[in-house]
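Each chain is listed here by its residues.
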Amino acid sequence: MMRLTRRSLLSAIPALGFAGQALAQQPVAPTGTRIVPQQTERDMDYTLDAWVDAFGRPTAKVMINGAGPFQFMVDTGSTTTVIAARHQAAMGAVVVGEVLVAGTTGTAVMPVARLDSVQTGVVTKSGLRVAVLSDDGLAQADGILGADVFAGRRLSFNIKEKVVRIEPSQRQTRIAPMGNMRVRNGLLAEIEGKVGTVSAKLMLDTGAQNCIANMALSDALKKAHPRLTRVDNVRVYGVTGHKVVGQFIALPKVNLKAFSVVDAGCVAAAAPIFDLWDLNTEPAMIVGVNLLSRLDSFSIDYGAKVFDAKAMAELIARNPSALG
């Protein structure tokens, strides 16, 4: 029986293509440049000292209450910022209550701590309330940077140059393209795309190592593409300590409007997160970094509701419709 890790950083399965493009197999020290901001927000440099963790997920350097820097995963699938319990205890951050945290595989009650300041790049949040997760749940990471920090702004991921940027939204500029995504629940980026010939809601999640499909999409693919390779008994583990058992599917072409890929894979599972998102009855899939890492760069503009992407040259060479 294979094991597939979801945000618990336990293992990767590159043999099945889950690891995406050739990213680092060991933790990579963050790199990047920082430029002094100019007078206006539009002229500011929003570069974070950042790059990927051992599983290809983007990370950023974060200062907490003036201490750090700490290594936080940049997670577009998380609505709430999370800190490791060891750091909350070390800095004496006051616990102000509890919160029910919903992960992909289940829910758990976690303490909530108040941080005086959270700073990454030029973005600073004061009095931010964050969930406190056990060190085991985060493994080597110091925390998770959630959408409560970058909501309303534009996140830009340059995979080739290993840089993550937080920028102003282009919603009020003349160069803003027409919106091609929805912001579900005010914080989650969603694309109306296609998996093969099946229309599906695709959730962009840089905190997910791999793509996870709901059972409605799995059933629809059985009818539309009955010859797809499927492998049973794949376990998906989540940060809440729960697991679900699903089925690996070698997907047909996945079209996200801004680009498409013909050789992706996912795990289909009855994951509780689809219940929370009210996405059990229609085809839907979490799009993880095994697919997003195929790109040269991509951006998610929460204010303008725009997802944009640039495919790598090698992806275009083997898949001429990559920007389809």
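Residues numbered from 1 in each chain as written. Predicted model: local features only at pLDDT ≥ 70, side-chain atom pairs only at ≥ 80, totals over all residues. Heavy atoms only, no water.

**Looking at the packing of aromatic side chains**
Consideration 1: In total, this model carries five aromatic pairs according to the counting rule given.
Consideration 2: Taking 6.3 Å as the distance between ring centres and 80° as the angle between the ring planes, the aromatic pair formed by phenylalanine 274 and tryptophan 277 counts as edge-to-face.
Consideration 3: Summarising the aromatic geometry, the rings of phenylalanine 298 and phenylalanine 307 are spaced 6.3 Å apart at their centres and angled 55° between planes, so their arrangement reads as tilted. Taken individually, phenylalanine 298 and phenylalanine 307 each receive the classification buried, so the pair is uniform in this respect.
Consideration 4: An aromatic cluster is built from Phe157, Phe259, Phe298 and Phe307, whose rings are joined through pairwise contacts. (Phe/Tyr/Trp six-rings, centres within 6.5 Å; stacked < 30°, edge-to-face > 60°. Buried < 20%, exposed > 50% of the residue type's maximum accessible area, 1.4 Å probe, protein only.)

**Looking at the environment of leucine 251**
Consideration 1: Following the sequence through the fold, leucine 251 ends up in the loop between strand E18 (243–250) and strand E19 (254–255).
Consideration 2: Residue classification places leucine 251 among the buried positions, given a relative accessible area of 6%.
Consideration 3: In contact with leucine 251, not counting residues within four places along its chain, are Val195, Leu221, Leu228, Val262, Ala264, Gly265, Cys266 and Met285. (Helix = DSSP H or I, 4+ residues; strand = E, 2+ residues; numbered from the N terminus. Contact = heavy atoms within 4.5 Å.)

**With respect to the pairing of strand E4 (residues 58–64)**
Each regular strand shows side chains that alternate between the opposite faces of the sheet.
Consideration 1: The buried fraction of E4 amounts to five of the seven residues, a majority that puts the element mostly inside the structure.
Consideration 2: In terms of strand pairing, E4 meets strand E5 (residues 67–74) through five bridges, oriented antiparallel. Residue pairing across strands places lysine 61 opposite glutamine 71, the latter belonging to E5.
Consideration 3: Linkage of E4 to E5, two consecutive antiparallel strands, is achieved through a turn of two residues, within which asparagine 65 is found at a positive phi near 50°. (Pairing = 2+ DSSP bridges.)

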